[in-house]
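# Overview (structure and organization)
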Amino acid sequence: DGSDNRNDFWRLVDSPDIQPIGTCEKEGDLLQPPLGYQMNASSWPMFLLRTLNGSEMAPATIFKKEPPKPPLNNFKVGMKLEAIDKKNPYLICPATVGDV
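Residues numbered from 1 in each chain as written. Predicted model: local features only at pLDDT ≥ 70, side-chain atom pairs only at ≥ 80, totals over all residues. Heavy atoms only, no water.

## Focus on the UniProt feature "repeat: MBT" (unreviewed entry) in the protein
In the numbering used here, UniProt assigns the feature "repeat: MBT" (unreviewed entry) to residues 1–34 and 42–100. The span residues 42–100 carries 15% helix and 17% strand; its end-to-end C-alpha distance comes to 46 Å. (UniProt positions renumbered as here; feature names shortened; annotations may be inferred. Helix = DSSP H or I, 4+ residues; strand = E, 2+ residues; numbered from the N terminus.)

## What about the environment of Gln32?
Looking at the secondary structure, you find Gln32 in the loop between helix 1 (23–26) and helix 2 (44–52). For Gln32, a relative accessible area of 56% translates into the label exposed. Taking the C-alpha atoms as reference points, Gln32 and Pro45, separated by 13 residues in sequence, lie 9.8 Å from one another. (Buried < 20%, exposed > 50% of the residue type's maximum accessible area, 1.4 Å probe, protein only.)

## Details of the pattern of salt bridges
With the rule as written, the count across this model stands at 2 salt bridges. Residue Arg11 is joined to Asp17 by a salt bridge in which the shortest nitrogen-to-oxygen separation is 2.7 Å. A salt bridge links Glu66 to Lys69, with the shortest nitrogen-to-oxygen separation between them at 3.6 Å. With a relative accessible area of 44%, Glu66 lands in the partly exposed category. (Salt bridge = Lys/Arg side-chain N within 4 Å of Asp/Glu carboxyl O.)

As structure tokens, then:
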């Protein structure tokens, strides 16, 4: 929230980078204002309350846990694959495994 799509990024449903509303507060952390937030930082908590008031929030039940890491990494240096650019997910490029 708060800026144009140049700062967008994609995450899978099981990414630990996305959390239900309130997770930050429960863990005693401070939720940071979005890029482009123009008001005084002290007004951020009230802005957040107004923004969330009446909003449809994603329920905690739809967030999935990250699957366990595979016991064996089957990639080998030199293997060919297709890779998605994280900054531009529409850009899929041929790639070569450089290190494991």
